[in-house]
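Given next are the chains, with one letter for each unit.
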Amino acid sequence: MLTTLAVENYRSLRRVVMPLRGLNVVTGANGTGKSSLYRALRLLADASRNGAVAALAREGGLQSTLWAGPEHVRKDRPTQGTRRTGPVTLRMGFAGDDYGYLMDLGLPIPNGSQFDLDPEIKREALWAGPFLRPAALLVERTNHEVRIRSASGEWQRGGHQIQTFDSMLSEFADPERAPELLLVRERLRGWRFYDHFRTDATAPARRVQVGTRTAVLSADGADVAAALQTVRELGPQGALDEAIELAFPGSRVQITNTAGRFEIAFHQHGLLRPLSGAELSDGTLRYLLWVAALLTPRPPELLVLNEPETSLHPDLLPALANLVVTAAKETQVIVVTHSRPFIASMEALSPDLQTIELVKEKGSTTITGQGPLDEPPWKWPSR
Ligand SMILES: Nc1ncnc2c1ncn2[C@@H]1O[C@H](COP(=O)(O)OP(=O)(O)OP(=O)(O)O)[C@@H](O)[C@H]1O
Ligand SMILES: [Mg+2]
């Protein structure tokens with residue numbers, strides 16, 4: 001389980017060190033940094049597929065995603081532009097029960113290449129324990145060089161070379177040389193993100209699809225019918241029907257199969273025939289997508305949900321809260337939401353839920369009620 005998440009200089013997250021528990025709800029007014037936090041987590045997950053640099057490029061490049069405020073924020077003074085004294089640095093990392101990982105991205109020293117604006121990975125570290133300490137380091141990367149500590153605790157002789165745009169997670173995760181790196185990489189690759197399922201008329205989730213056993217709903221929900229049937233066959237007995245009954249009393253979901261093509265059949269009171277996926281209301285379809293995502297028979301290490309309540313009627317929120325809280329029994333969950341009734345429903349079901357309220361002060365995101373001493377311990381390595 002993750003215990004700490006740290007982000008520095010990513011959009012409005014100038015400096016955030018956040019404690020995490022089993023079920024975490026991140027909330028706050030518009031523009032306080034909720035989506036930025038979600039995206040920062042995605043960037044970390046992308047690093048495990050060697051995609052962090054490309055993901056930053058898709059977001060408009062490092063210069064655009066970097067904190068746009070001054071290097072040092074003084075609460076008692078108006079914001080002023082000053083000459084930068086430190087290097088450009090975008091850093092993010094996490095610590096868990098056993099291992100921690102961080103990466104630090106920056107800009108290259110210009111050398112006339114067309115790629116002079118490409119972010120570079122300057123530092124990476126993998127360690128054991130709650131925060132980075134030199135004695136707990138297992139694998140370390142400084143610019144082009146990766147050093148690995150062997151099982152006996154000695155640093156292996158001679159560093160390994162790595163390209164500045166490659167992550168050591170993808171290049172050096174090796175069961176012999178660096179088994180911890182492999183473990184952490186596989187965990188990161190398993191993190192699951194769900195963000196705004198499409199439910200418009202041409203949404204992938206409305207199409208009939210050839211079904212195969214689907215323990216993990218795809219991010220666009222295209223395989224929702226197969227995923228629901230997988231929940232029915234491989235998930236906890238009766239869980240699917242209970243989730244439907246809770247949200248739509250008296251209704252039933254069946255999955256029909258025509259020569260391998262799976263389709264939703266939604267039986268409702270007062271109708272002579274069931275409705276197909278193409279005919280469902282946006283809210284009904286979206287709820288079914290959440291059922292498929294959250295009752296997954298193969299829970300990940302971490303599940304991150306961005307505003308799952310979108311377009312659901314308030315009456316459905318207790319049922320959705322029930323799904324999230326049930327999922328949190330098997331997996332660590334971070335929910336980004338600004339719906340108070342939804343949070344209240346989750347709180348009623350899960351007393352040990354942690355609510356993290358973000359606020360913006362002078363353009364930068366802070367956590368309500370978190371003083372400097374409440375922060376979990378965290379250390380960034382020097383460049
Ligand atoms: N490079 C940057 N530097 C500083 N602030 C930025 C940067 N890029 C975006 N922002 C600001 O960060 C804030 C947080 O944006 P974010 O999308 O995370 O908000 P949110 O909490 O998800 O809001 P909403 O509830 O409206 O979705 C916004 O006010 C945005 O203008
Ligand atoms: Mg947002």
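Shown above is the structure to which this text applies.
No experiment lies behind these values; they were computed from the predicted model shown. (Residues numbered from 1 in each chain as written. Chains lettered and ligands numbered in written order. Predicted model: local features only at pLDDT ≥ 70, side-chain atom pairs only at ≥ 80, totals over all residues. Heavy atoms only, no water.)

Draft legend 1. Molecular detail of the environment of Ala45. Relative to the helices and strands, Ala45 is located in helix α1 (residues 34–47). A relative accessible area of 4% places Ala45 in the buried class. (Helix = DSSP H or I, 4+ residues; strand = E, 2+ residues; numbered from the N terminus. Buried < 20%, exposed > 50% of the residue type's maximum accessible area, 1.4 Å probe, protein only.)

Draft legend 2. Region of the structure containing helix α10 (residues 340–349). When we look at burial in α10, the residues that qualify are Phe342, Ile343, Ser345 and Met346. Projection of α10 onto a plane perpendicular to its axis shows the buried side chains occupying an angular sector of 160°, all on one side. Structural note: α10 exposes Arg340 and Ala348 on the side pointing more than 90 degrees away from its buried face. Those residues of α10 that are buried lie in contact with β3 (23–28), α9 (317–327), β16 (332–336) and β17 (354–361). (Arc of directions from axis to C-beta. Contact = heavy atoms within 4.5 Å.)

Draft legend 3. Here's a closer look at the sheet that holds β3. Across the sheet, six strands lie side by side as β10-β15-β16-β3-β17-β18; this open sheet has mixed pairing. Only two strands of the sheet have a single partner each, and these edge strands are β10 (192–195) and β18 (364–367). In this sheet, adjacent strand axes meet at a mean angle of 20° when their direction is disregarded. Judged from the four bridges that link them, β3 and β16 form a sheet pairing that is parallel. Residue Val26 lies in a different strand from β16, and its bridge partner there is Val336. (Pairing = 2+ DSSP bridges. Axes fitted to C-alpha atoms, helices over the stretch in contact; angles between N-to-C directions.)

Draft legend 4. Region of interest: the side chain of Ser276. Looking at where Ser276 falls in the secondary structure, it is placed in strand β14 (residues 275–276). Since its relative accessible area comes to 16%, Ser276 is described here as buried. For Ser276, the residues in contact, after removing those within four places along its chain, are Glu263 and Ile264.

Draft legend 5. Up close: the site of ligand 1. Near ligand 1, the surroundings consist of 17 residues, among which Gly31, Lys34, Ser36, Leu66 and Lys360 are the closest. Taking Arg11, its main chain carries an N or O atom lying 3.5 Å from a nitrogen atom of ligand 1. At a separation of 2.6 Å, an oxygen atom of ligand 1 approaches a polar side-chain atom of Ser36. Protein contact buries 71% of the 650 Å² of open area that ligand 1 shows by itself. For the shell around ligand 1, the elements supplying multiple residues, two or more each, are α1 and α3 (62–65). For the shell around ligand 1, the element with the most residues is α1, which contributes three residues. For the shell around ligand 1, the class distribution of residues is four nonpolar, 10 polar and three charged. (Near = heavy atom within 4 Å. Polar contact = N/O pair within 3.5 Å; in protein donor to acceptor, adjacent residues only side chain to side chain. Areas by Shrake-Rupley, 256 points an atom, 1.4 Å probe, with all protein chains shown as cover. Nonpolar A, V, L, I, M, F, W, Y, C, P; charged D, E, K, R; others polar.)

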